[in-house]
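# What the coordinates show
If you want the building blocks of each chain, they are given just below.
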Amino acid sequence: MVSTSNVVVNHASRTAPAPSVVNSAPQPGGAVIDPTALPSGNIDPLPPFRDVAVSDRQLLFLRKLQICCFQFDFTDTLKSVREKEIKRQTLLELIDFIQSGSGKITENNQEEMIKMISVNIFRCLPPAPHENSGSEMLEIEEEPYAEPAWPHLHLVYELLLRYVVSSDTDTKIAKRYIDHSFVLKLLDLFDADDPREREYLKTILHRIYGKFMVHRPFIRKAINNIFYRFIYETERHSGIGELLEILGSIINGFALPMKEEHKLFLVRALIPLHKPKALALYHQQLSYCITQFVEKDYKLADTVIRGLLKYWPITNCTKELLFLGELEEVLEATQSAEFQRCMVPLFRQIGRCLNSSHSQVAERAFFLWKNDHIVSLIAQNRNVILPIIFEPLEKNVQSHWNQAVHGLTINIRKMFLEMDFELFEECQKQHEEMEARARELEEQRELIWKRLAEAAEQRKGEDGITV
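Here the structure is a predicted model, which means the values were calculated and not measured.

Calculation notes
- Residues numbered from 1 in each chain as written.
- Predicted model: local features only at pLDDT ≥ 70, side-chain atom pairs only at ≥ 80, totals over all residues.
- Heavy atoms only, no water.
- Helix = DSSP H or I, 4+ residues; strand = E, 2+ residues; numbered from the N terminus.
- pLDDT = per-residue confidence, 0-100.
- Contact = heavy atoms within 4.5 Å.
- Salt bridge = Lys/Arg side-chain N within 4 Å of Asp/Glu carboxyl O.
- Buried < 20%, exposed > 50% of the residue type's maximum accessible area, 1.4 Å probe, protein only.
- Phe/Tyr/Trp six-rings, centres within 6.5 Å; stacked < 30°, edge-to-face > 60°.

Here the focus is unusual backbone geometry. Across the junction of L256 and P257, the peptide omega takes the value 0°, indicating a cis bond. With respect to the element layout, P257 can be found in the loop between α10 (240-252) and α11 (260-270). Located in the positive-phi region is S80, a residue other than glycine, with phi close to 55°. Tracing the backbone shows S80 in the loop between α1 (57-67) and α2 (81-100). One non-glycine residue with positive phi stands out, namely E235, at about 55°. If you trace the backbone, E235 turns up in the loop between α9 (216-234) and α10.

Take a look at the structure:
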């Protein structure tokens, strides 16, 4: 049997009060664990699992969990070095025990393990650097934040991951401890600044979603709420990209026909995620999710494109480049009927991009014509599209400052000319007539102002004579 004397407490080196995470329920062999016997202090290691009888391993597992409940100050690297190493080794032993399948953990030990994990990972997160300074979220951080307690924290996460993916874990039992409250606290941690922690959280939550089917609607709704808060309240959250990565995999598994709940999620959460200033931090993952929706259900292309147009940036050229890249991916999966529904507002916006004084935006818009599928859609609907963009093309030829944009404009004009000579000639004729009318209106305006000026001079002269 394993004796409680294997855990030695030294009260002289108290750090912080250790949480009571074990109960006094009888364990195998009749031993009883007294939670009051675990104040914070120095600890001694317990024997490895292989050195005790199989019948004693569950009790030893519980004792090791108790050791792992001790909390240490990692801001001081010279403090409690020995105790930190004992806890680290104990966590490694627990991971190995779960991973090797040495023995199925009792239900009580599963509960205590989740309590131990909760004690270690659920904590108040420090304020982000931009919150301390009051500045906006930076798109690129020079040096990512490093969690001081990561030497222990990553092992606790690894233990949770091994428990979730283990074939010995019975979801009917585990769901009592990995419940809605646990999942919500896990989601709160996605705002952690350390990217290593968010990576572990992403993997664990994805595994929980896959294994615990009962939690799936709740997880989707909870992620939805995080997005709402980010979009409409804070615009500050560190883990939007990781949450979108999870959703990318979830969306890929949606059954057809797609549920109305999923379509609402697209419209109310994913599309509005294009609005925040920090879009560049998570755009790659967001674009993948959006494209997944369109590839799953091509009828959603019109909804997505109109959503992009709704949030299209006006003065932020960096965001505009991201939008153009995403638009190309969406159009790649768009069929003719859906394209026709949105092509008028779409090409009005593309026309504005072609005329952008930011040369990269204009060039990126012209690159849409390098996509064969998009060119095919344009060719099928050239009677509508060419009259819309003919004026922006002519404007570029006449006055755009960038030589590369000028050259691309000439190439696209030539493409349309070869595509439909008669239509091109008609558009050119209409454009010339429109310019002639514009010149005529300008001349009339100048004439009116000239007459007004003459009338004012005449009135001034008459007033002078009267005086």
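On average, residues of the chain score 87 in pLDDT, and 87% of them reach the 70 mark or higher. Mean pLDDT per element in the chain: helix α4 (residues 129-133) is the minimum at 55, and helix α13 (residues 301-310) is the maximum at 98. Note on residues 1-40: pLDDT is under 50 here. Beyond four places in sequence and across chains, it has 81 contacts.

Applying the stated rule across the entire model yields 21 salt bridges. Residues R306 and D302 are paired through a salt bridge, measuring 2.9 Å at the closest nitrogen-oxygen approach. In this pair, R306 and D302 are both assigned in helix α13, four residues apart and thus about one turn of the helix distant. Residue R306 is classed as partly exposed on the basis of its relative accessible area, which comes to 39%. Taking relative accessible area as the criterion, D302 reaches 15% and is therefore assigned buried. Between E328 and R364 there is a salt bridge whose closest N-O contact spans 2.7 Å. Here E328 is found in helix α14 (residues 317-332), whereas its partner R364 is found in helix α16 (residues 359-366), with 36 residues between them in sequence. Here the salt bridges do not stand alone but share partners, grouping D44, R82 and E83 into one network.

Turning our eyes to something else, we now look at the packing of aromatic side chains. With the rule as written, the count across this model stands at 17 aromatic pairs. Each ring, one from W312 and one from F323, has its centre 5.3 Å from the other, and the planes form 70°; the classification is edge-to-face. A residue pair is termed long-range when its members are at least 10 positions apart, and W312 in the loop between α13 and α14 and F323 in helix α14 qualify at 11 residues. Take W312 and F323: they sit in the same class, and that class is buried. Here F366 and W369 contribute two aromatic rings whose centre-to-centre distance is 6.5 Å and whose plane-to-plane angle is 45°, an arrangement assigned as tilted. Both residues of the pair, F366 and W369, belong to the buried class. Feature note: the residues F339, F347, F366, W369 and F416 constitute an aromatic cluster, connected by ring pairs.

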